[in-house]
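# Chains, contacts and geometry: an overview
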Amino acid sequence: VVGLSGGIDSAVTAHLAVMALGPEKVLGVAMPGPFSSEHSLSDALKLGRSLGIEIRTVDIRPLYEAYLSVFTDLFGERDDYGITQQNVQSRIRGNILMAISNQDQRLVLATGNKSELSLGYCTLYGDTVGGIAVLGDVYKRDVYALAHQANRDSERIPWNTIEKPPSAELAPDQVDANDLPPYDLVDAILEQAIEGQAGRQALSLPSGCSPETAQSILRRLDGNEYKRRQSPLVLRTSRKAFGSGRRLPIVHGFET
């Protein structure tokens, strides 16, 4: 079972699952919420038709509104609870996927890629739930390459999914570029730090990447090991996948 957001990571994950197991064994779940765009649901449904898999749609807004009511009692009435309000949407979706896993005896496939896991751009107990992270050792740039490979003969993954700006859609007008450096810079730095084991002083900065940006990427990489320790098993595709092959101490002062 795969949560389908209409985005490229979940689309590629579903495509790979179908290639591995056949469409009859893959279930896609679209879970539109308060900030989901129209194309998120339409792209998810189009993907399902293209892959030939079953799609179930669950509107999370009633559950989300119930959480906001609880937040009012806990934290006082506010117009926006910030990251708390954003993350609860991801956790609602994770709970729905795990309920399906329990009820239907299905394996939840986490859809996060290596770039997101590296930077901690994921929600614990939300989009990190699952039995295995299919793309957990695949950088964002390579997710796009896999999508283009999938479409080499026909449009298996909707082109709109590939071409639109990536977004978690947990807040109004949210896109990844508002929270992260461009993925081409992120991946170039991460590959040197992880596979190349390059330290801060040994990095070769890609064009357009300042030393401050590189340092911020490394800081996030080191600081989010605790999330990766609680994430699903990663399907290894490189020399340095997250897991037993690459571990950092959690309680350690990396910087003064």
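Quick look at the structure, then. Every value quoted in this text rests on a predicted model; they were computed, and no experiment measured them.

### Description of the packing of helix 8 (residues 183-194) against helix 9 (residues 211-223)
Axis separation between helix 8 and helix 9 bottoms out at 10 Å; the angle between their running directions is 60°. In terms of orientation, helix 8 lies oblique with respect to helix 9. Here helix 8 and helix 9 pass one another in a crossing that is right-handed. Only Ala 214, Ile 217, Leu 218 and Leu 221 of helix 9 make contact with helix 8, whose side of the interface consists of Leu 185, Val 186, Ile 189, Leu 190, Ala 193 and Ile 194. Here the residues of the contact of helix 8 with helix 9 sort into 10 nonpolar, no polar and no charged.

### A closer look at the sheet that holds strand 5 (residues 132-133)
One open sheet holds the 3 strands; their spatial order is 4-5-6, and the pairing between them is parallel. In the strand order of this sheet, the two ends are held by strand 4 (109-110) and strand 6 (233-234), each with one partner. The sheet contact formed by strand 4 and strand 5 spans 2 bridges and is parallel. Each bridged residue has a counterpart across the sheet, and for Leu 109 the counterpart in strand 5 is Ile 132.

### Some words on the packing of aromatic side chains
For the coordinates displayed, the defined rule picks out 5 aromatic pairs. Centre to centre, the rings of Phe 35 and Tyr 64 are 6.4 Å apart; their planes meet at 80°, and the pair counts as edge-to-face. Pair noted here: Phe 35 is in the loop between strand 2 (27-30) and helix 2 (38-51) and Tyr 64 is in helix 3 (residues 61-75), with a separation of 29 residues, a long-range link. With a relative accessible area of 25%, Phe 35 lands in the partly exposed category. Taking NZ or CZ as reference, Lys 114 lies 5.8 Å from the ring centre of Phe 242, over its face.

### Topic: the environment of Val 251
Within the element layout of this structure, Val 251 appears in the segment after strand 6. Owing to a relative accessible area of 82%, Val 251 belongs among the exposed residues under this scheme.

### Structural notes on the pattern of salt bridges
Tallying each qualifying case throughout the model produces 14 salt bridges. For the salt bridge of Asp 142 with Arg 141, the shortest nitrogen-to-oxygen distance reads 3.5 Å. For Asp 142, a relative accessible area of 32% corresponds to the partly exposed category. Here the residues in one salt-bridge network are Glu 54, Arg 56, Asp 104 and Arg 106, joined through shared partners.

Definitions and limits used
- Residues numbered from 1 in each chain as written.
- Predicted model: local features only at pLDDT ≥ 70, side-chain atom pairs only at ≥ 80, totals over all residues.
- Heavy atoms only, no water.
- Axes fitted to C-alpha atoms, helices over the stretch in contact; angles between N-to-C directions.
- Helix = DSSP H or I, 4+ residues; strand = E, 2+ residues; numbered from the N terminus.
- Parallel < 35°, antiparallel > 145°, perpendicular 65-115°, else oblique.
- Left-handed = near helix turned anticlockwise from the far one by under 90°.
- Contact = heavy atoms within 4.5 Å.
- Nonpolar A, V, L, I, M, F, W, Y, C, P; charged D, E, K, R; others polar.
- Pairing = 2+ DSSP bridges.
- Phe/Tyr/Trp six-rings, centres within 6.5 Å; stacked < 30°, edge-to-face > 60°.
- Buried < 20%, exposed > 50% of the residue type's maximum accessible area, 1.4 Å probe, protein only.
- Lys NZ or Arg CZ within 6 Å of the ring centre and 35° of its normal.
- Salt bridge = Lys/Arg side-chain N within 4 Å of Asp/Glu carboxyl O.

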